[in-house]
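Per-entry structural report
Okay, here's what each chain looks like letter by letter:
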Amino acid sequence: VNVGGTKNILEAMLRREEPPIIVFASSLSVCGPREPGGPPLTAEDPAIGTDHYTSHKAECERLLQESGLPYVIFRIGVSVGIKTAAGDLSPDVFRVLFGINPNVRLEWVHPEDVALAQARAIQTPAAIGKILMIGGGEGCRLTFGEFYGAMFEATGVGRFPPGAYGSGAYYCDWLDTTESQALLHYQRVRFDEFIVAMRHASRFTRVPTRLLSPLIRRFMLRYSDAWQAYKGRA
């Protein structure tokens, strides 16, 4: 879908006498799994395929850069909205979530701010031919543990103890968005404002969720290898 679909679009664009601009939604995950620390990611960091998803995204970036067509590549940070935050909450997701080092850095960006950046990129000649890092900026930089802790707290589930999380690297980090913000002026929503909105959206369900939170937390922690190992030692 990612590579074949992109090829189809590029071929269709090449048949046009005046091809349109393509704004490609890539991902910061093409920079590979990240350990805590180091400078924020930049557009100069190479695209490295470490699994099917990142390999496909990196290939699409290459296709665009070699096409001769007008393009903008967005390497987008963690863009979770209120609706998508309650998306796939399967055991497989819990296993991944609890396997990640809570100190891994993460830069969130509101989905509507991403959409604004996409719309403005089409109208910004200086953005054409660039790879731009798309994140929320200073007010959206936090750690993986802080990110999920704030969201679980807002919905009534509550924060999980540090021992619930593992020590694995993950595909997220802080981003250098100096250039993208200067060109597109899209960063509007801070993470703390998003949490306020999430609390408001959860106002009718938060009380019953709090009442059920011991059961919810017990179920989720069944899929935390770190927590199960901790309980075994205890």
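We now turn to the structure provided with this report. (Residues numbered from 1 in each chain as written. Predicted model: local features only at pLDDT ≥ 70, side-chain atom pairs only at ≥ 80, totals over all residues. Heavy atoms only, no water.)

Right, let's talk about helix 6 (residues 144-155) for a bit. An α-helix turns once every 3.6 residues. As a result, residues three or four positions apart point the same way. For helix 6, built from twelve residues, the straight-helix expectation of 16 Å at 1.5 Å per residue is met to within 8% by its first-to-last C-alpha distance of 17 Å. Immediately beyond the C-terminal end of helix 6, within one or two residues, lies Gly156, with a positive phi of roughly 100°. (Helix = DSSP H or I, 4+ residues; strand = E, 2+ residues; numbered from the N terminus. Expected span 1.5 Å × (residues − 1).)

Where helix 4 (residues 91-98) is concerned, the buried positions are Phe94, Leu97 and Phe98. Down the axis of helix 4, the sector holding all buried residues measures 85°, keeping them to one side. Buried residues along helix 4 sit in contact with helix 6 and helix 9 (206-221). (Buried < 20%, exposed > 50% of the residue type's maximum accessible area, 1.4 Å probe, protein only. Arc of directions from axis to C-beta. Contact = heavy atoms within 4.5 Å.)

Burial of nonpolar side chains together is a common tendency in soluble globular proteins. Ranked by size, the top nonpolar core spans 36 residues in total, and within it Phe98, Leu106, Trp108, Phe147, Phe160, Tyr165 and Phe191 carry the most contacts. Sorting the residues of this core by element identifies helix 4, helix 6, helix 8 (191-201) and helix 9 as the ones contributing at least two each. Among the elements that line this core, the one with the most residues is helix 6, at six residues. Excluding anything up to four places from it in sequence, Trp108 contacts Val78, Val80, Gly135, Gly136, Cys140, Phe147, Val189, Arg190, Phe191 and Phe194. In terms of nonpolar packing, the next biggest core, distinct from the first, is built from 13 residues, Phe74, Val114, Ala121 and Ala127 among them. (Core = buried A, V, L, I, M, F, W, Y, C linked by side-chain atoms within 4.5 Å.)

Here the focus is unusual backbone geometry. Phi at His185 is positive, roughly 45°, even though this residue is not glycine. Looking at the element boundaries, His185 is found in the loop between helix 7 (178-184) and helix 8.

On to the pattern of salt bridges. Going through the model one piece at a time under the given rule, you end up with eleven salt bridges. Across the pair Arg62 and Glu59 runs a salt bridge whose closest N-O atoms are separated by 2.5 Å. Of this pair, Arg62 and Glu59 both sit in helix 2 (residues 52-67), three residues apart, which is roughly one turn of that helix. A relative accessible area of 34% places Arg62 in the partly exposed class. A relative accessible area of 25% means that Glu59 is categorised as partly exposed. Among the ionic contacts, a cluster of salt bridges with common partners joins Arg34, Arg105 and Asp173. (Salt bridge = Lys/Arg side-chain N within 4 Å of Asp/Glu carboxyl O.)

All right, on to the sheet that holds strand 2 (residues 71-76) then. The three strands are arranged 1-2-4 in an open sheet whose pairing can be described as parallel. The open sheet has two edge strands, strand 1 (22-27) and strand 4 (131-134), and neither has a second partner. Direction aside, neighbouring strands of the sheet carry axes that sit 30° apart on average. Here helix 2 sits on the sheet in contact with strand 1, strand 2 and strand 4, set at roughly 150° to strand 1. On top of the sheet, helix 5 (residues 111-122) reaches strand 1, strand 2 and strand 4; it is set at about 165° to strand 2, its chief contact. (Pairing = 2+ DSSP bridges. Axes fitted to C-alpha atoms, helices over the stretch in contact; angles between N-to-C directions.)

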